[in-house]
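Summary of the model geometry
Listed below, chain by chain, are the residues.
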Amino acid sequence: MSEDLDLVRSIFAEWERGDFSGTDWAHPDIEYSVVDEPGSASMRGLAAMGTAWRQFLSAWEEYRVEAEEYRELDDGRILVLLHARGRGRTSGLELSETTRGKGANVFQIHDRQVIRLYSYFDHRRALTDLDLAE
């Protein structure tokens, strides 16, 4: 197993517990993109990524992600297919009751830090974008 994969697994270990507070894995000038959601956006820097995550998490109760599969790609990239769980604060809708729970993250790593993180709410879009469609 590569050091890059070890790093991503350690990030997901925290996220699976619902702890999204750690940022020691992220480059200070990280590029963070939400690719396929209404209001999708791209931003740069830890502060901007933190603001976006706090805003996203505020809409959910007990939000968690569970890694289903890790794939090492080229150029220091790691694809993680995931399943998200949580309940909408306003709607009460459980993510597990929708098809929206199957997402993906693509981490690009350089010198043991994540320099790019792309979040997908639809894992099929990630696979298509990466030419890995099944």
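Notes on the structure follow. Since this is a predicted model, take the numbers as computed values, not measurements. (Residues numbered from 1 in each chain as written. Predicted model: local features only at pLDDT ≥ 70, side-chain atom pairs only at ≥ 80, totals over all residues. Heavy atoms only, no water.)

As a further point, take the overall build of the protein. Counting its regular elements, the protein contains 3 helices and 6 strands. Secondary structure elements of the protein occur, N-terminal to C-terminal, as α-β-β-α-β-β-β-β-α. Based on the C-alpha atoms only, the size of the protein along its principal axes is roughly 40 × 35 × 25 Å. The proportion of buried residues among the 134 residues of the protein is 39%. Approximately 7400 Å² of the protein is accessible, and the part contributed by carbon and sulfur atoms is 46%. Across the protein, the 16 positively charged side chains and the 26 negatively charged ones have centroids separated by 4 Å. (Helix = DSSP H or I, 4+ residues; strand = E, 2+ residues; numbered from the N terminus. Buried < 20%, exposed > 50% of the residue type's maximum accessible area, 1.4 Å probe, protein only. Areas by Shrake-Rupley, 256 points an atom, 1.4 Å probe, with all protein chains shown as cover. Lys, Arg positive; Asp, Glu negative; His and termini not counted. Charge placed at Lys NZ, Arg CZ, Asp CG, Glu CD.)

Turning next to the nonpolar core. Formed by 27 residues in total, the largest nonpolar core has its most connected members in W15, W25, F107, V114 and L117. Those elements giving two or more residues to this core turn out to be helix 1 (3-16), strand 1 (26-34), helix 2 (46-57), strand 3 (60-72), strand 4 (77-88), strand 5 (102-110) and strand 6 (113-120). Looking at this core element by element, the count peaks at 6 residues for helix 1. Excluding residues within four positions of it along the chain, V114 makes contact with L7, I11, W25, A26, H27, I30, F107, Q108 and I109. Core analysis: the second largest hydrophobic core is formed by 9 residues, L81, V106, A126 and L130 among them. (Core = buried A, V, L, I, M, F, W, Y, C linked by side-chain atoms within 4.5 Å. Contact = heavy atoms within 4.5 Å.)

Here we take up helix 2. With 12 residues, helix 2 extends 16 Å from end C-alpha to end C-alpha; this agrees with the ideal 16 Å at 1.5 Å per step. Where helix 2 is concerned, the buried positions are M49, G50 and W53. Seen end-on, helix 2 carries its buried residues on one side only, within an arc spanning 100 degrees. Away from the buried face of helix 2 by more than 90 degrees, exposed residues A47, R54 and Q55 are located. Considering only its buried residues, helix 2 is in contact with strand 1, strand 2 (41-44), strand 3 and strand 6. (Expected span 1.5 Å × (residues − 1). Arc of directions from axis to C-beta.)

With that settled, consider the pairing of strand 4. The element strand 4 is largely enclosed, with a buried count of 9 among its 12 residues. Where strand 3 meets strand 4, 10 bridges bridge the pair, whose relative direction is antiparallel. Paired with W60 across the strands is G88, a residue of strand 4. Taken together, strand 3 and the strand that follows it, strand 4, pair antiparallel across an intervening segment of 4 residues, in which D75 is found at a positive phi of about 55 degrees. Looking at chain direction, strand 4 and strand 5 are connected through 7 bridges and run antiparallel. Counterpart to L79 in the pairing with strand 5 is V106. (Pairing = 2+ DSSP bridges.)

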